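Chains, contacts and geometry: an overview
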Amino acid sequence: MAYIEFADVVRSYGAGSTKINALDGASFTVEKGELAVILGASGAGKTTALNILGGMDSPTTGQVMVDGRDISNASENDLVLYRRTDVGFVFQFYNLVPNLTALENVELATQICPDSLNPTEMLQKVGLADRLDNFPAQLSGGEQQRVSIARALAKNPKLLLCDEPTGALDYQTGKQILQLLQDMCRTEKITVIIVTHNAALADMADRLIRFKSGKVTSMTTNDAPKPIAEIEW
């Protein structure tokens, strides 16, 4: 069994003539420790798939297995525990608490996780050792995204879900963030999934999953992913 098995998943909204299938029989797998890129245009269903993987939404039909656990039919209490202990989230917009320092933002996440890691050490890992006491407004966009990555990693998650993590960043800063995510996957053995519309990022992936109109149109593996420094867009 693969670490993630997303099997024939349908996610419908509305009813009757207004019914929309955001996912329409989507299926893919991801192995433990891989960096997977989910690629598709806006409206392709990729963020809906990410939300279901993160336990923030549930499929209408189909099955989703993560590390041997069926999250597609889990109770709300089980999903709360899953989101708290198994999953780290990195979003396009950083979702930091503005009146907390970088360190306090990371500490906030660790307070609810039983096996959390040291917040200061996580900020050091992402290159922010000298910015612990700065508030979000005192940080650049790239630094704020690094705080959000440190916050996600401090939970000690098995799965890191990233929704357009460089979408609000300039080119050079975006490459630094992608390098950080690739490095974390390799060194920490975390399974990382990045949702993006940027086709250039396909070359960085161990596994590339293409979405179109709520379906998976292809899934390929790459034995030699490119370092971020060699990728241009």
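Located above this text is the structure these notes cover.
Figured I'd write up the structure that's included with this text. Owing to the predicted nature of the structure, the values given are computational and were not obtained by experimental measurement.

1. Points about the overall build of the chain
Looking only at helices and strands, the chain has six helices and ten strands in total. The C-alpha atoms of the chain give a radius of gyration of 17 Å, which matches the 17 Å a tight globule of 233 residues would have. By principal-axis analysis of the C-alpha atoms, the chain measures approximately 55 × 40 × 35 Å. Within the chain, the fraction of its 233 residues that count as buried is 50%. Summarising the internal contacts of the chain: among those between residues at least 6 apart in sequence, 71% fall at separations of at least 24. As displayed, the chain offers around 10500 Å² of accessible surface, 48% of which is attributable to carbon and sulfur atoms.

2. Looking at the sheet that holds strand β3 (residues 35–39)
The sheet built from six strands is open, its strands ordered β6-β7-β8-β3-β9-β10 with mixed pairing. Because the sheet does not close on itself, it has two edges, and the strands there are β6 (87–90) and β10 (215–221). Ignoring strand direction, the axes of neighbouring strands in this sheet form an average angle of 15°.

3. Quick notes on the sheet that holds strand β5 (residues 69–70)
Reading across from one edge, β2-β1-β4-β5 is the order of the four strands in this open sheet, with antiparallel pairing throughout. Each edge of the sheet is formed by a strand with only one pairing partner; in this case those strands are β2 (20–30) and β5. Strands β1 (4–13), β2 and β4 (61–66) of the sheet are contacted by helix α1 (residues 46–53), whose axis makes an angle of about 115° with β1.

So, how was this worked out
Residues numbered from 1 in each chain as written. Predicted model: local features only at pLDDT ≥ 70, side-chain atom pairs only at ≥ 80, totals over all residues. Heavy atoms only, no water. Helix = DSSP H or I, 4+ residues; strand = E, 2+ residues; numbered from the N terminus. Rg over C-alpha atoms; globule rule 2.2 N^0.38 Å. Buried < 20%, exposed > 50% of the residue type's maximum accessible area, 1.4 Å probe, protein only. Contact = heavy atoms within 4.5 Å. Areas by Shrake-Rupley, 256 points an atom, 1.4 Å probe, with all protein chains shown as cover. Pairing = 2+ DSSP bridges. Axes fitted to C-alpha atoms, helices over the stretch in contact; angles between N-to-C directions.

Function cannot be read off these values alone, since they describe shape.
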